Amino acid sequence: MNELLSVRGLVKNHGQVRVLKGVDLTVSQGEIVGLVGGNGAGKSTLISVLAGATQPNSGEILLGGEPYRPTGDDDARRRGVGAVHQRLGLDQDLTVVQAIAAFDLGAPDDSEAALQRAREILADSGVQMDPETPVHELMRAEQAIVGVLRLQFQNPQLMLLDEVAASFNDQEVALVHSVLRGLVRQGAGIIYITHRIDEVRSLADRILVMREGQIKDEFTPREVKVDDIVYSMFERRIAQPSRPGAVEGPQEEVLRVEGASTSRGLSDVSFELHRGEVLGLTGLRRAGMSELVSALVGAGSAQFRTLQVKGQDVTIDSADDAVNLGIGYLSDTDDELEAALEISVARRLMKENYDPQAGFVREISALRDVAAQVKTLRIQTHDIQSQVGDLSGGDQQKIALARWMRSECDILILNHPTRGIDIGSKGDVYDMLRELTDRGTAVLLMSSEMTELLQWCHRILVMRDGRIVAHQHNEHATEDTLMSAALGDAW
Ligand SMILES: Nc1ncnc2c1ncn2[C@@H]1O[C@H](COP(=O)(O)OP(=O)(O)OP(=O)(O)O)[C@@H](O)[C@H]1O
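Please read these numbers as outputs of a predicted model, since none were measured by experiment.

Each value, and the rule that gives it
Residue positions are counted from 1 within each chain, in the order its sequence is given. Totals for whole chains, interfaces and linings use every residue, but because this is a predicted model, local features are given only for residues with pLDDT of at least 70 and side-chain atom pairs only at 80 or more, for both listing and counting. Side-chain numbers here rest on the full set of heavy atoms in the structure, without hydrogens or water. Going along the chain from the N terminus, every DSSP run of H or I of four or more residues is numbered as a helix, and every run of E of two or more is numbered as a strand. Note that the radius of gyration is over C-alpha atoms, with the globule rule given as 2.2 Å times the number of residues to the power 0.38. For every residue, the accessible area obtained with a 1.4 Å probe (protein chains only) is divided by the maximum for its type, and the residue is called buried under 20%, exposed over 50%, and partly exposed between those limits. Note on definitions: a residue-residue contact is assigned when non-hydrogen atoms from the two residues lie within 4.5 Å. Computed with the Shrake-Rupley method and a 1.4 Å probe, the accessible areas treat only the protein chains shown as cover for residues. Note that His is not counted, nor are the chain ends; the positive residues are Lys and Arg, and the negative ones are Asp and Glu. Every charge is mapped to an atom, namely NZ of Lys, CZ of Arg, CG of Asp or CD of Glu. The salt bridge criterion pairs a side-chain nitrogen of Lys or Arg with a carboxyl oxygen of Asp or Glu, the two atoms within 4 Å. Proximity criterion: a residue is near a molecule or strand once any of its heavy atoms comes within 4 Å of it. Polar contacts, as used here, are pairs of N or O atoms within 3.5 Å; protein pairs need one atom able to donate a hydrogen and one able to accept it. Residues neighboring in sequence count only if both atoms are side-chain atoms. Classes in brief: Ala, Val, Leu, Ile, Met, Phe, Trp, Tyr, Cys and Pro nonpolar; Asp, Glu, Lys and Arg charged; the others, Gly included, polar. For the domain bounds, the source is a domain assignment made automatically or taken from a database. The rule for pairing is simple: two strands pair if DSSP sees at least two bridges between them. Angular values range over 0 to 180 degrees, each being the angle between N-to-C directions of two axes fitted as lines to C-alpha atoms, with helices fitted over their stretch in contact. When an angle is under 35 degrees it counts as roughly parallel; over 145 it counts as roughly antiparallel; between 65 and 115 it counts as roughly perpendicular; any other value is oblique. Crossing handedness is read from the near helix: turned anticlockwise from the far helix by less than a right angle, it gives a left-handed crossing, and turned clockwise, a right-handed one.

Peer 1: Is there a simple way to think about the overall build of the protein in this case?
Peer 2: Helix and strand counts for the protein come out as 17 helices and 20 strands. Taking 491 residues into account, the globule formula puts the C-alpha radius of gyration at 23 Å, and the protein, at 23 Å, falls close to it. With respect to the three principal axes, the spread of C-alpha positions in the protein is 70 × 60 × 45 Å. For the protein, the residues scored as buried account for 56% of the 491 residues in total. For the protein, long-range pairs separated by at least 24 residues make up 68% of all intrachain contacts whose partners lie at least 6 apart in sequence. Of the roughly 21,500 Å² of accessible surface on the protein, a fraction of 44% belongs to carbon and sulfur atoms. Of note, the protein has its 50 positive side-chain charges centred 5 Å away from the centre of its 73 negative side-chain charges.

Peer 1: Looking at this structure, I do not really get unusual backbone geometry. What am I missing?
Peer 2: Most peptide bonds are trans, and most residues other than glycine sit at a negative phi. Even without glycine at this site, Asn155 takes up a positive phi of about 50°. If you trace the backbone, Asn155 turns up in the loop between helix H5 (140-154) and strand S7 (158-162). At Arg378, a position not held by glycine, the phi torsion is positive, near 55°. Tracing the backbone through its elements, the reader meets Arg378 in the loop between helix H13 (360-376) and helix H14 (393-405).

Peer 1: Just checking my understanding: could you explain the pattern of salt bridges for this structure?
Peer 2: It is possible for side chains bearing opposite charge to pair when their charged atoms get close. Counted according to the given criterion, the structure contains 24 salt bridges. Between Arg206 and Glu31 there is a salt bridge, with the nearest N and O atoms lying 2.7 Å from each other. Taken as a pair, Arg206 in strand S9 (residues 206-211) and Glu31 in the loop between strand S2 (17-28) and strand S3 (32-36) lie far apart in primary sequence, 175 residues in all. Each member of the pair, Arg206 together with Glu31, is buried. One continuous salt-bridge network, built from bridges that share partners, spans Glu142, Glu172, Arg285 and Arg286.

Peer 1: What is the right way to look at the site of the ligand in this model?
Peer 2: Taken together, the neighbourhood of the ligand is formed by 19 residues, with Lys43, Ser44, Thr45, Ser392 and Gly394 sitting nearest. At a separation of 2.9 Å, an oxygen atom of the ligand approaches a polar backbone atom of Asp390. At 2.7 Å, a side-chain N or O of Ser392 approaches an oxygen atom of the ligand. Of all the elements, helix H1 (residues 43-50) adds the most residues to the shell around the ligand, at three residues. Grouping the constituent residues of the shell around the ligand by class yields three nonpolar, 13 polar and three charged. Residues lining the shell around the ligand come from more than one domain, with at least three contributed by each of domain 1 (3-234) and domain 2 (253-490).

Peer 1: Got a minute to help me understand H1 in this structure?
Peer 2: Residues spaced three or four apart along an α-helix face the same direction, because each turn holds 3.6 residues. Among the eight residues in H1, seven count as buried, and that is most of the element. Taken together, the buried positions of H1 are occupied by Lys43, Thr45, Leu46, Ile47, Ser48, Val49 and Leu50. Just downstream of H1 lies Gly52, where phi reads positive at about 85°.

Peer 1: Where do I start with the sheet that holds strand S1 (residues 3-14) in this structure?
Peer 2: Read from one edge to the other, the open sheet built from four strands follows the order S2-S1-S4-S5, with strand pairing classed as antiparallel. The sheet is open, and its two borders are formed by S2 and strand S5 (66-67), each paired with just one other strand. Two strands pair when backbone bridges link them, and strand S4 (residues 58-63) and S5 are joined in this way by two bridges, in the antiparallel orientation. Among the inter-strand pairings, Leu63 is bridged to a residue of S5, identified as Glu66.

Peer 1: What should I look at first to understand the packing of helix H4 (residues 112-125) against H5 in this one?
Peer 2: Helix-helix packing is described using two parameters, namely the angle between the two axes and the distance between the axes. Axis separation between H4 and H5 bottoms out at 10 Å; the angle between their running directions is 125°. In terms of orientation, H4 and H5 fall into the oblique class. In the crossing of H4 with H5, the sense of the turn from one axis to the other is right-handed. From H4, Ala114, Arg117, Ala118, Ile121, Leu122 and Ser125 reach across to H5, where they touch Leu149, Gln152 and Phe153.

Encoded structure:
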């Protein structure tokens, strides 16, 4: 195979911090290189340098044998390098086809020929999506798929994908893998970042492990076990949590939903949630989960036959109503993360009721508490006064999650909470979740990852076509039973 990309001794500093400490790697034409590593290892920084979003301090990069130092994304694109970043950054006002065609350099974005090609790419991909839907109406996973199809439209020789699959279900993973395999058959080279180790083993031709700003190991997917990759990422073994049984003893019912329906397809959904319980909610895209949760957090409306919080009939017409009823919500959009970018890690992790005028002793104690949380969550930062935006994507997500985990709400709804969080830290998040349920909080956990649902949830609801089609207690559930319920006849 011909060498497409060669990187030697790449160094990138952010202020005093050396993030990339001499990265060496190569990518050949027709090759998919899987890049894995813990949160803060430097993966996204490497992609940013290669995509022209940031400049390295030193090192050599050759693309097709020629020196390559892109000065911006347009420059990178002209040289045949395209990227889908962790934060997707799609123009929310475009339609799906306009977003796919938005890379047509030299032609107006809405030229009919470009839009026609974008429509064909969408149709050939097999993705069920209305071409005229505005991007802002898409769910995160759908936006990520548009990002990948947009890359296909651009058809660069080198493609860089940073955690596109973070909130995909298995079907979406398979779909994107098939698109990428088609592209490498035509000679493209790909660097693919993911935290899902099984995924990278099935997709990549070669797996590189990044740790502390360097490539530390290289594996051939069919010859390596998941545990060995994970050990190389963290230099420690990671134990998998044992599956929870039923919640002990009779517990107070904190939420009762009966006959929830909407004009957009939610149909007669009923369930209840108890203190100390983690109830999983899963299904394919557009199965109705988002509709249901939107209504419960005051972001959308639904008709309920009965809606009760702690035994009282309630109505939820706004986000404030939900908060006042003790319902917390961690969404899976980038908005929540973006709102925190310029706030310091310390401020973001301090208790909501911390009073900045409270005096020196209180301040020291609050900062100690923050430092302890940073350590527990393995957040990679040299200074808790630095901005949240300077952290890696996974570490930003840990902070968003930690804030909710510490809150006093009775019902916490988490939408794909471990998106972007590495497998080494998932156990720490799981411990936080257990602490929370031990205190009596009830958790509704939306996830597309069956393994996570089985490890974390006492009971799991599966939705399809706006209805709950399965209700499984953990001890009776398997990945197969959950998937077959989610897929229905398509299974
Ligand atoms: N602008 C910045 N200023 C200071 N430090 C930064 C900046 N951007 C990134 N870093 C640091 O660089 C390190 C690597 O971050 P990077 O985003 O590349 O990690 P990553 O491997 O992609 O992690 P994740 O899996 O969480 O996405 C982190 O410790 C982060 O705090």
